[in-house]
Amino acid sequence: MDGGDEPVVCGLDSRPVATDHLGEEVNSQIFNLAAEVAESSNDKIPILLLKLKEILKEPPVESKEQQKLKEDIYYYDLIQYCILVLKQDYHNIPGSWSTAVDLAEIVSTVCVGLNPKEDVEEFYGKVLPSAADNLMLLARRLQVRFLQAVENDVKQDFLRCFLNVTNSLCWLLSDHIELIQHVLQSDRLLQLLLTDDVETGAVMVSILLGILQVNRTVLFSMEEKNVRIILDELIYKLFATTNPVIGNTSIKLMLLIAETHPPTLKILCNDYKGLRPLLKQWTGRGFDKELNHLLELLYAGSTQGVSQQKFHRSACLIQAAWRAYQIRKRVKSLPKVVTTLQRSFRAKREREIQQLEKRREEEELKHLLQLRRHRALREFQQRQLSLLELVPASEVNKYLQEERERSALIIQKVWRGHSLRKDFDKRKQALKEFKAAVVIQRAVPQVSEETTKERHSQAQEMLGQYLMKRNLERKSEQRQEALLAQISTDIELLMNAPGLKEATEMDVEVFSSRSGPITAKARQSHNTMLQHTWGPWWKKLGDEFQDPEMIYTEDMDIDLML
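Residues numbered from 1 in each chain as written. Predicted model: local features only at pLDDT ≥ 70, side-chain atom pairs only at ≥ 80, totals over all residues. Heavy atoms only, no water.

*Asks:* When you look at the overall build of the chain in this model, what are you seeing that I'm missing?
*Replies:* The secondary structure content of the chain amounts to 22 helices and zero strands. Going through the 562 residues of the chain one by one, you find that 31% of them count as buried. Only carbon and sulfur atoms are counted for the fraction: they give 56% of the accessible area of the chain, which is about 37300 Å². (Helix = DSSP H or I, 4+ residues; strand = E, 2+ residues; numbered from the N terminus. Buried < 20%, exposed > 50% of the residue type's maximum accessible area, 1.4 Å probe, protein only. Areas by Shrake-Rupley, 256 points an atom, 1.4 Å probe, with all protein chains shown as cover.)

Written out as structure tokens, the structure is:
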């Protein structure tokens, strides 16, 4: 890598010399130097080309004379010689690597500000790219020797030479920004950047940052492979070192790339998942502003998202400032606000304590009532069991069946009551709507007195008709009910009537008189009640919960006749 190729020295063409006075002196120096270089050996050419450094100091900086001098140097191919000899190995050349550094400075000095009038395409298409490549090659050789050096003085000399060469490269690129794309796509720049050394690595990151600051649009023409290599190296440097200089320049460079090139920002967000925790480790190193901005970009995923977040934070800040101003103004205008707040706080605390006490008392009362209810239920069950022991064994199942039926009746009554109450709750809404309709109707504009009287008479007439119709319907219903009761009584009498051979005059009287069936029914009900009263005592347990009408006649075995 550090072995230089010997440059190929081209012959000089016979070219005319300018005729003005200053031009004659300068052109003669350049012409003589060009002739001397053409006739010298390759190892002496670098020393001869160092004379250009003194020649370039004669005219004023950025003057027409200096511009003319640069054109002549290019016209006589001296700058091409300087570029070629940069590839040599200067280990055995007088001046060693300092000679190479001086030649690099000469190349950048001549090329900066040079706009040749002839061979323009060759200058921009071949000379400038070759100059940039050879400067990077020289810088790489100096970097390798710096890393290989053992003595501190030698290392510092190589580091100084490396810095001078990289400065010459930056100076050249700052004037010819079209070279930046060529440099960024060059493998030699990546070789310079891919190093574990802290000092030269920091220099290369700074150079890359300066190059992109000069021409940011070059990122859109770079290959994705080169962009990924640069990102990988920057992230590796952030991970492998704690040097604040490298951290600062690397983060600034990544921020510039992410802001300028949206595809690169997507790559950072999608392919480098652990980058954000790594960046957070660099907080408090003196460049938190750039670091926070880069983190915002990574979290938002786009510059538009960061702008929206900034707008949101600005709005929140303005709102917070306005609320603070309003609160300060309110507190200032109300000096008793603290006392009022304390009073309201104490009152609220007292209410909460009272509510807690009340809730605790209610819970205690509820618990006490529940205990009493359980105790009463237990006593009732024990009493029932003690009474059940007195029942004959043959009647236990029958008694239990009666208890289950009685319990079912009670449950049904409770369920019907619950259903009716629930239905009533549903009807409350309809009642509200009816009342609302009445209120609305009352709010209707009043009509005349004659209309009211007419409507009243109509209502009275309709009410009379309704009442008459209702009385007729009631009479009809009563007749139907009486007829159904008579039929039911006759059916029961016929079913219980004796045969014709056993019939008596009393039975005949029962069927021949209309009051007879009613008397018979009353006699039968009376006998049933007497039978129930004279029945066994164990059959009447729990009668206090029994409906008086529910009497089980099928179990009666006592026949009473009046």
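*Asks:* Help me out: how do you make sense of a nonpolar patch on the surface in this one?
*Replies:* The grouping of Leu-483, Leu-484, Ile-487, Ile-491 and Met-495 at the surface amounts to a nonpolar patch, some 520 Å² of accessible area in total. Following the sequence through the fold, Ile-487 ends up in helix α20 (residues 449–496). In this structure Ile-487 comes out as partly exposed when scored by relative accessible area, which is 39%. (Patch = residues over 30% accessible without salt bridge, like charges linked within 9 Å, V, L, I, M, F, W, Y side chains within 5 Å. Salt bridge = Lys/Arg side-chain N within 4 Å of Asp/Glu carboxyl O.)

*Asks:* What's the story with a positive patch on the surface in this structure? I'm lost.
*Replies:* On the surface, a cluster of positive charge is contributed by Lys-336, Arg-343, Arg-346 and Arg-349. Summarising the element assignment, Lys-336 is placed in the loop between α17 (303–333) and α18 (337–388). Classification of Lys-336 by relative accessible area gives exposed; the value is 64%. (Lys, Arg positive; Asp, Glu negative; His and termini not counted. Charge placed at Lys NZ, Arg CZ, Asp CG, Glu CD.)

*Asks:* Just to check I follow, could you spell out the pattern of salt bridges for this structure?
*Replies:* Pairing between side chains of opposite charge can happen when the charged atoms of each approach one another. One pass over the structure, following the stated rule, counts seven salt bridges. As a salt-bridge pair, Lys-237 and Glu-233 come within 3.1 Å of each other at their nearest N and O atoms. Of this pair, Lys-237 and Glu-233 both sit in helix α12 (residues 224–240), four residues apart, which is roughly one turn of the helix. By relative accessible area, which is 4% here, Lys-237 ends up buried.

*Asks:* Can you help me understand helix α11 (residues 198–214) in this one?
*Replies:* Since there are 3.6 residues in each turn of an α-helix, residues three or four apart along the chain are aligned in direction. Look at α11: 24 Å from first C-alpha to last across 17 residues, which is about the 24 Å you get at 1.5 Å a residue. Residues Thr-200, Gly-201, Ala-202, Val-203, Met-204, Val-205, Ile-207, Leu-208, Leu-209, Ile-211 and Leu-212 constitute the buried set of α11. Looking at the buried residues of α11, the elements they touch are α7 (120–148), α8 (152–175), α9 (179–184), α10 (187–193), α12 and α13 (244–260). One side-chain oxygen of the residue at the start of α11 lies 3.3 Å from the amide nitrogen of Glu-199, identifying that residue as Asp-197. (Expected span 1.5 Å × (residues − 1). Contact = heavy atoms within 4.5 Å. Polar contact = N/O pair within 3.5 Å; in protein donor to acceptor, adjacent residues only side chain to side chain.)

*Asks:* What is the right way to look at empty space enclosed by the protein in this model?
*Replies:* In this approach a probe as big as a water molecule rolls over the atoms, and the regions it shows empty are the leftover space. Under the counting rule described, the total for this entry stands at two cavities of 30 Å³ or more. If you go around the second largest cavity, the residues you meet are Leu-184, Leu-208, Leu-212, Leu-219, Met-222, Val-227, Ile-230, Leu-231 and Ile-257. Put simply, the parts of the chain that give the lining of the second largest cavity at least two residues each are α11 and α12. Broken down by element, the lining of the second largest cavity gets its largest block of residues, three residues, from α12. Of the residues belonging to the lining of the second largest cavity, the class tally is nine nonpolar, no polar and no charged. (1 Å grid on protein atoms, 1.4 Å probe; cavity = no way out; pocket = protein on both sides within 12 Å on 5 of 7 lines; lining within 4 Å. Points joined across faces, edges and corners; volume = space filled by probe spheres on them. Nonpolar A, V, L, I, M, F, W, Y, C, P; charged D, E, K, R; others polar.)

*Asks:* Which parts of the structure should I look at to understand the packing of α12 against α13?
*Replies:* The description of two helices packed together rests on the angle between their axes and the distance between the axes. Between α12 and α13, the least distance of the axes is 10 Å, while the angle of their chain directions is 150°. One way to sum up the angle between α12 and α13 is to call them roughly antiparallel. Taken as a pair, α12 and α13 cross one another with a handedness that is left-handed. Across the interface between the two elements, Leu-234, Ile-235, Lys-237 and Leu-238 from α12 touch Ile-246, Gly-247, Ser-250, Ile-251, Leu-253 and Met-254 from α13. Here the residues of the contact of α12 with α13 are counted per class, giving seven nonpolar, two polar and one charged. (Axes fitted to C-alpha atoms, helices over the stretch in contact; angles between N-to-C directions. Parallel < 35°, antiparallel > 145°, perpendicular 65-115°, else oblique. Left-handed = near helix turned anticlockwise from the far one by under 90°.)

*Asks:* What should I look at first to understand the confidence of the model for the chain in this one?
*Replies:* Atomic detail in the predicted coordinates should be set aside for any region of low pLDDT. With 86% of its residues at a pLDDT of 70 or more, the chain shows a mean pLDDT of 78. Every residue in residues 544–562 scores below 50 in pLDDT, and together they form 22 contacts with partners more than four places removed in sequence or on other chains. (pLDDT = per-residue confidence, 0-100.)

*Asks:* What am I meant to see in the packing of aromatic side chains here?
*Replies:* Aromatic rings considered in pairs are described by the distance between their centres and by the relative angle of their planes. What the rule picks out here adds up to three aromatic pairs. Between Tyr-74 and Phe-123, the ring centres sit 5.3 Å apart and the planes meet at 75°, which makes this aromatic pair edge-to-face. A residue pair is termed long-range when its members are at least 10 positions apart, and Tyr-74 in helix α4 (residues 64–75) and Phe-123 in helix α7 qualify at 49 residues. The exposure classification of Tyr-74 matches that of Phe-123, with both residues buried. (Phe/Tyr/Trp six-rings, centres within 6.5 Å; stacked < 30°, edge-to-face > 60°.)

*Asks:* Got a minute to help me understand the state of the cysteines in this structure?
*Replies:* Scanning the model with the defined rule gives zero disulfides in all. We note that Cys-111 lacks a disulfide partner, and the nearest cysteine sulfur, in Cys-82, lies 9.1 Å from it. By relative accessible area, Cys-111 is classed as buried at 0%. (Disulfide = S-S within 2.5 Å.)

*Asks:* Is there a simple way to think about the environment of Gln-29 in this case?
*Replies:* As for its placement among the helices and strands, Gln-29 is situated in helix α1 (residues 21–39). Assessed through its relative accessible area of 25%, Gln-29 is described here as partly exposed. Measuring from C-alpha to C-alpha, the distance between Gln-29 and Leu-52 comes to 9.3 Å, with 23 residues separating the pair along the chain. If we ignore the near neighbours within four places in the chain, the residues touching Gln-29 are Ile-55 and Glu-58.

*Asks:* Even after reading the chapter, I still don't get the side chain of Asp-133, so can you show me in this structure?
*Replies:* The residue Asp-133 is located in helix α7 in this model. Arg-188 provides the closest opposite charge to the buried, salt-bridge-free Asp-133, at an N-O distance of 4.8 Å. In this structure the side chain of Asp-133 is engaged in a polar contact, spanning 2.9 Å, whose partner is the side chain of His-182. Setting aside chain neighbours within four positions, we find Asp-133 in contact with His-182, Ser-186 and Arg-188.

*Asks:* Help me understand the packing of α11 against α13 in this model?
*Replies:* Between α11 and α13, the least distance of the axes is 9 Å, while the angle of their chain directions is 25°. Between α11 and α13, the angle is such that the two are roughly parallel. As for the relative orientation of α11 and α13, their crossing is left-handed in sense. Mapping the contact onto sequence places Val-198, Ala-202, Val-205, Ser-206, Leu-208, Leu-209, Leu-212 and Gln-213 in α11 and Val-245, Ile-246, Thr-249, Ser-250, Lys-252, Leu-253, Leu-256 and Ile-257 in α13.

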